[in-house]
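Chains, contacts and geometry: an overview
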Amino acid sequence: MKRLIAKLGYLADLTPRETWRLAKGKLPFLPGHKGWTPDDLLNSAKHRHGIRFAELLLRQEAVAQRHMDWAPLDFEGQRVVEVGCGPLGGYGPLAIFRGAEQFESAEPEWEPGLFFSDSVRERYFRVMHADLVALYGARMDFDAFWRALREKMTVHKAGFDAAPIAGEADIVLSQSCLEHVFPLEGTVAKLADLQGRSTRFLHLVDFGNHYLGHSPFDGLYEQPPEVYIARRGKAINLARSSDVARLFEAKGIPAHVIPSRVVKDSYRGSIHSWWRERYDESDLFTQLALVAGPAV
Ligand SMILES: C[S@@+](CC[C@H](N)C(=O)[O-])C[C@H]1O[C@@H](n2cnc3c(N)ncnc32)[C@H](O)[C@@H]1O
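Residues numbered from 1 in each chain as written. Predicted model: local features only at pLDDT ≥ 70, side-chain atom pairs only at ≥ 80, totals over all residues.

**Notes on the packing of helix 7 (residues 118-136) against helix 8 (residues 142-152)**
As a packed pair, helix 7 and helix 8 sit with axes 10 Å apart at the nearest point and diverge in direction by 110 degrees. The angle between the axes of helix 7 and helix 8 places the two elements in the roughly perpendicular class. Both helix 7 and helix 8 take part in a crossing whose hand is right-handed. Counting all contacts with helix 7, which are made through Arg-121, Phe-125, Arg-126 and His-129, the residues of helix 8 involved are Phe-142, Phe-145 and Trp-146. (Axes fitted to C-alpha atoms, helices over the stretch in contact; angles between N-to-C directions. Helix = DSSP H or I, 4+ residues; strand = E, 2+ residues; numbered from the N terminus. Parallel < 35°, antiparallel > 145°, perpendicular 65-115°, else oblique. Left-handed = near helix turned anticlockwise from the far one by under 90°. Contact = placed C-beta atoms within 7 Å.)

Laid out in structure tokens, this is it:
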């Protein structure tokens, strides 16, 4: 009975999209997910807010500056790569507006017909363009912006480790993606392939449970990770910030791993010995971390 109540609580915490994915995995007779529609995206508080990526970049760079001599990224003429840009191209439109020569990403849920649809252009990109002009100046009018997106963005509908993205990049970014990739090691190996001496990177990783619940760690530490993943599916890989730091080091990418949100006191669960034996408290309760380098 107790387990049933816990399970129902867990289901109640899931977003509709997660519930759908869970159901898909558990109930194979359901038809496959049909993918995003413009209405899905434009009704989503997160996705419809296109200027979110400029706000995120301002925030990540402000945090990086507190910890190191971080010089703001300059996109002019750069080759920019993003891991898992999401259905609306993530940092791509911002990078291109700010002068990037090329933007490449790998995103398993990429639908070019959706991204370049009239509906998304009119309802999403026009507003984003106006916001970009306000922030960075009238670098290009809307038609030139739209043309540049078509010419300079290449997004592969694939996992990053398998995508045909090769050669040294100037800037590499990701936003809440590295915690979702399986296997993380293959993804970091691919990042190492793109890393040159002056390649600059900023990865924001969210180590929390991704529920809108009481604590970002509720439900995570009560069992070993393989039990959690078996129950929830391959939604988050459960690497902690020390694992990410170790992997970057092992693959030869010199990185600063900067905690950017540590939330301890709200956790009410009981931490399984698997976690206690491997991680200290600061690792366990770092929800957000920035993986950044080099400073200039
Ligand atoms: C939480 S979403 C973040 C999307 C986007 N970065 C944003 O902030 O809106 C995580 C994204 O990672 C993508 N993803 C999952 N596994 C991936 C992989 N192996 N390679 C690239 N992207 C992946 C998912 O499809 C999803 O779009």
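Now that the structure has been shown, the text picks up again.
**Re the site of the ligand**
Gly-84, Gly-86, Gly-159, Phe-160 and Gln-175 are the nearest of the 16 residues found near the ligand. Among the residues making up the shell around the ligand, the classes are represented as seven nonpolar, seven polar and two charged. (Near = placed C-beta within 6 Å. Nonpolar A, V, L, I, M, F, W, Y, C, P; charged D, E, K, R; others polar.)

**Concerning the pairing of strand 4 (residues 171-175)**
Taking burial as the measure, the five residues of strand 4 include five buried ones, the bulk of the element. On strand 4, burial covers both faces: Ile-171, Leu-173 and Gln-175 on one face and Val-172 and Ser-174 on the other are all buried. Relative to strand 5 (residues 200-206), strand 4 runs parallel, the two being bridged by five bridges. What sits directly across from Leu-173, in strand 5, is Leu-202. After leaving strand 4, the chain enters helix 9 (residues 184-194) and then returns to the sheet as strand 5, a path that is right-handed. (Buried ≥ 20, exposed ≤ 12 C-beta atoms within 10 Å, placed from the backbone. Pairing = 2+ DSSP bridges. Right-handed = clockwise from strand over helix to strand, strands pointing away.)

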